[in-house]
Amino acid sequence: MAGEFVRNVRVFTLNCWGIPFSFASKNRFERFNAIGDHLKEEAYDIVVLEEVWSYSDFKKIREKTKAVLPHSYYFHSGFIGAGICIFTKGEIIDTVIHRYSLNGYAHKVQHGDWFGGKCIGLCVVDYAGLRFNVYATHVSEF
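Below, the structure is looked at part by part. Fair warning: this is a prediction, and the values are worked out from it, not measured in the lab. (Residues numbered from 1 in each chain as written. Predicted model: local features only at pLDDT ≥ 70, side-chain atom pairs only at ≥ 80, totals over all residues. Heavy atoms only, no water.)

### A few points about helix H1 (residues 28–41)
Basically, it comes down to this: Strands are runs of DSSP state E lasting at least two residues, helices are runs of H or I lasting at least four, and both sets are numbered from the N terminus onward. A helix is expected to span 1.5 Å multiplied by its residue count minus one. Any residue under 20% of the maximum accessible area for its type is buried, any over 50% is exposed, and the rest in between are partly exposed; the area is computed with a 1.4 Å probe on protein chains only. Within this analysis, the arc is defined by the directions that extend from the helix axis to the C-beta atoms. In this description, contact between two residues means that some pair of their heavy atoms is separated by no more than 4.5 Å.
In a regular helix each residue adds 1.5 Å, so 14 residues correspond to 20 Å; H1 covers 20 Å between its end C-alpha atoms and thus fits that length. For H1, the complete set of buried residues consists of Arg28, Arg31, Phe32, Ile35, Gly36 and Leu39. Down the axis of H1, the smallest arc covering the buried residues is 135 degrees, so these residues share one side. Along H1, the residues that are exposed and aim more than 90 degrees away from the buried face are Glu30 and Glu41. Buried residues along H1 sit in contact with strand E1 (11–15), strand E2 (46–50) and helix H2 (55–65).

What follows is the structure, encoded as structure tokens:
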């Protein structure tokens, strides 16, 4: 059809299991190194990650992928962060975060949900002549 614009966009999403305590998330450092290596080798246009609870883990992945995914955003929420982030080839022109009203219970420390500040995050991305929304979320298991 004349005048149609078609573009394939490769999207990758992953729950990284990145609880920042060694007893709760074994091999976290090795896992985040492997994730960063994988992302810099693949031709993804957008990457959405969950359970990136440590900002230093986000920075590690950002450093490894900045040549292929130059734009990124880490959503801060709660005591230890929201644990979600977005990497993209396209420019991030706006962001919004909405924290869920139900976030677990402080007395259920083993769940960690209350400390994590569960939310939905939005990045408005401008890429290849398109402007679109990319959402990231991580919900409670209860």
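Continuing now.
### What about the sheet that holds strand E5 (residues 91–99)?
The line we're drawing: Any two strands with at least two DSSP bridges between them are considered paired. To obtain each axis, a line is fitted to C-alpha atoms, and for helices this fit is confined to the stretch in contact; angles are then taken between N-to-C directions over 0 to 180 degrees.
If you trace the 3 strands from one edge of the open sheet to the other, you get E5-E6-E7, paired in antiparallel fashion. Unpaired on one side and paired on the other, E5 and strand E7 (130–137) mark the two borders of the sheet. With direction set aside, neighbouring strand axes in the sheet form an average angle of 15 degrees. As paired elements, E5 and strand E6 (residues 119–127) share 8 bridges and run antiparallel to each other. Residue pairing in the sheet places Ile92 in a bridge with Val125 of E6.

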